[in-house]
Amino acid sequence: MTVPLLELDDVRKHYPVHRGLVLRRQVGAVRAVDGVSLRIAAGETLAVVGESGCGKSTLARLALRLIEPSAGAIRFDGRDVTHDGRSALKPLRRQMQVIFQDPFASLNPRMAVEEILAEPMLVHGIGDAASRAARVRELLGLVGLASYHADRFPHEFSGGQRQRIGIARALALKPRLIVCDEPVSALDVSIQAQVVNLLKDLQAEFGLAYLFISHGLAVVKHMADRVAVMYLGQVVETAPAKVLYAQPRHPYTQALLAAAPVPDPAQRHSRPTLGGDVPSPMTPPAGCRFHTRCGFAQARCREEAPGLRTIGPQHEAACHFAETIPAFARFGGGARHERLQARLALYEQKRAAMIAAETTAA
Amino acid sequence: MPLAAARPTLSADHPTAPPRGAAAPDLAPILEVRDLVTTFATPRGAIRPVDGVSLSVPPGRTLGIVGESGCGKSMLSLSLMGLVPAPGRVTGGSIRLEGRELVGLAPGEFRRLRGSRIAMIFQEPMTSLNPVHTIGYQIVEALAGHERLPARALKEAAIAALRQVRIPAPERRFDEYPHQLSGGMRQRVMLAMALACRPALLIADEPTTALDVTIQAQILDLLRELQAETGMSIILITHDLGVVAQVADEVAVMYAGRVVERAPVAAIFDDPQHPYTIGLMGSMPRMEDERDRLVVIGGTVPPPFALPAGCRFNPRCPFAGEECRSGYPPPADIAPGHTVACWKAPVEANG
């Protein structure tokens, strides 16, 4: 097997919880990430899916070595980087970059776009002023912005355009891995589609690997090669995207898929929804962490924590009964209406013509 | 006796609640909006985030309002509630709630209707609840504004309201503070507060956007059940077409302050006519799809002080022609109950 680009091996991040001002003592720990192992190959998209508080953003920060893991190992390109210090990490930072969720908070409002995009190159001492300026123009073109945008400031852009600037900044150092932490969650649906397509085009062009963090299962379906589902700091199921959506074997994955609203008014029926809320990561339930909300839980689930185990090709699930729980099918047909399909084809055809006309005019 | 329990409720199979997605019945609408205009005077000139909107909502039905940021959907809901922030105000058109004109209503009169006949829940339940009061106090406060009842009856009514939104152990929750509740529970509390006085119309502005998908499913189910129990009408404002597909009977698509298409929910999904609606359908990532490239609407929504001439969608529209740049298309019926404002509809014939 080839060496994965990024490998997380039983990574943990526990945040201590203290009480008392004078006699400060630790009363517990929030187990934000609690034993996660993942591998991402070069050019691959691994999506991490889960609800708020499942630890997916902490995992992203761990992967980037922005925070220190409490235990476990992080390897990049086969090299253990878990204990590397700031200076040792600097060359690594060129290889892995990040795109954040909030395009408003992640760009410095006092810097022009040109400065924002040149800063990573300055930090890493790449090129001279002229070559950096040329690279800035190149980056703007890559993400679908114009060179006259270079002098503008973040407030002059819409949310979608700001996210494009964030993507251009991440590309500036020609990284091999980009961690995308909910990159389209804050965007409107039409803009979301533009950014999703852009990320896919860039991946094809530069062979980028993505660690794609998201709570949106539909977006993940369009982006990911493989998917890992997280619940309370642990991975409960991982599989190639096609397999995960067609044959989810963990009850939580099934519940997530069932809960996402089907965009088809003809398929409107009350599906069994997951009751209750996610338990506190400070005191996760004993045994299987999902047993408090699981419809299939039995005595064994309350006592014995299931580990991830292989249940099919590249398919792992952490459930004692992964083979025996009922199969789940979200989609009975679910195809678009023929009339809509034809109309979308016409729309795309007209849009291609519009873009061609604009290009010749310019 | 608890207040809520003392009132008659409509059962799920009440004759005014026809099956979802069916054509709108010919009942007098609960809400009828005609050519509503809301204007803000700004240093850059007057802008109209709501610019000639017409809608109607029959009793017991749900109207979904869909649109992207800046399309005016939130300002529309604030206009309906009489809560447009200064310097904005409703400058034209009419809003009739249960036959009564709301435009020009005195603030005191409006306050009596708000909460009792028309209520609203918002996207972010944490910022809509007061963190320094218990949730019980806040529900009682809302009730006391409309009902003259002794304190004990008010408390019982508030507990009944919490029970109605399926909050477990409502007697205990009554004394808790908002920070002690999860996001889903807070949205339930908001619903309890909104429904405590049995409004005829509930406006839900992105009620599940801030919630996780499993909690969203719980809240959407609850909304459906409560509608069947109480017979209230709902206006659901959302950007999520999946949510619309699951709960709306009729859909209005807004773009740049105007309704560009209105249709029964099935027609919006199977037979969208406006190029913007078609584009939205294509841009929505769907788990049901194998295709991995999304259809894209190019460009962005124009700012309200720089609207293009003619149809406001024309700079982004692949079908746009000369007529689209010269005049705003009047809404036209393309099928029963299906209205579209587009010179090119149907696009197969005219595009």
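Residues numbered from 1 in each chain as written. Chains lettered and ligands numbered in written order. Predicted model: local features only at pLDDT ≥ 70, side-chain atom pairs only at ≥ 80, totals over all residues.

> I'm lost on the UniProt feature "domain: ABC transporter" (unreviewed entry) in chain B in this one. Help?
Under the present numbering, the feature "domain: ABC transporter" (unreviewed entry) in UniProt falls on residues 31-281 of chain B. Counted over residues 31-281 of chain B, helix gives 39% and strand 28%. Its end C-alpha atoms are 28 Å apart. (UniProt positions renumbered as here; feature names shortened; annotations may be inferred. Helix = DSSP H or I, 4+ residues; strand = E, 2+ residues; numbered from the N terminus.)

> Looking at this structure, I do not really get the sheet that holds strand β3 (residues 45-49) of chain A. What am I missing?
Two orientations exist for strands paired in a sheet by backbone hydrogen bonds: parallel and antiparallel. Residues and elements named next belong to chain A. The eight strands lie next to each other as β6-β7-β8-β3-β9-β10-β12-β11, forming an open sheet whose pairing is mixed. Either end of the sheet is taken by a strand with one partner, and the two such strands are β6 (96-99) and β11 (309-312). Strand after strand, the sheet turns through a mean of 25° between neighbouring axes, direction not considered. Where strand β9 (residues 226-231) and strand β10 (residues 234-240) come together, six bridges link them in antiparallel fashion. Bridging across to β10, methionine 230 finds its partner in valine 235. The strands that helix α5 (residues 159-171) touches are β6 and β7 (177-181); relative to β6, the one it contacts most, it runs at about 175°. (Pairing = 2+ DSSP bridges. Axes fitted to C-alpha atoms, helices over the stretch in contact; angles between N-to-C directions. Contact = placed C-beta atoms within 7 Å.)

> Mind showing me how you'd approach the interface of chain A and chain B here?
Size of an interface: often given as the accessible area lost when the parts come together. Taken together, the 50 residues of chain A in the interface contact 50 residues of chain B. At the level of secondary structure, the elements contributing two or more residues to the side of chain A that touches chain B comprise α6 (189-206), α7 (217-223), α9 (251-259) and α11 (338-361) of chain A. For the side of chain A that touches chain B, the leading source of residues is α11 of chain A, giving 10 residues. Partitioned by chemical class, the residues of the side of chain A that touches chain B number 25 nonpolar, 13 polar and 12 charged. (Nonpolar A, V, L, I, M, F, W, Y, C, P; charged D, E, K, R; others polar.)

> Help me understand the sheet that holds strand β1 (residues 31-42) of chain B in this model?
Residue and element names in this part refer to chain B. Taking strand neighbours across the sheet as the criterion, the four strands line up as β2-β1-β4-β5 in an open arrangement whose pairing is antiparallel. With one partner strand each, in any of the chains shown, β2 (45-57) and β5 (100-101) form the two edges of the open sheet. For strand β4 (residues 88-97) and β5, the ladder comprises two bridges, and the chain directions are antiparallel. Paired with arginine 96 across the bridge in β5 is glutamate 101. On the sheet, helix α2 (residues 73-81) packs against β1, β2 and β4 and is oriented at approximately 70° with respect to β2.

> How should I be thinking about unusual backbone geometry in this particular structure?
Both trends apply: most residues other than glycine have a negative phi, and most peptide bonds are in trans. Cis geometry marks the peptide bond from alanine 86 of chain B to proline 87 of chain B, where omega comes out at 5°. Mapped onto the secondary structure, proline 87 of chain B falls in the loop between α2 and β4. Geometrically, the link from alanine 345 of chain B to proline 346 of chain B is a cis peptide bond, its omega value of -5° lying close to zero. With respect to the helices and strands, the residue proline 346 of chain B is situated in the loop between β12 (338-340) and α14 (347-350). Positive phi, normally seen in glycine, also occurs at glutamate 182 of chain A, with a value near 50°. Its location among the elements puts glutamate 182 of chain A in the loop between β7 and α6.

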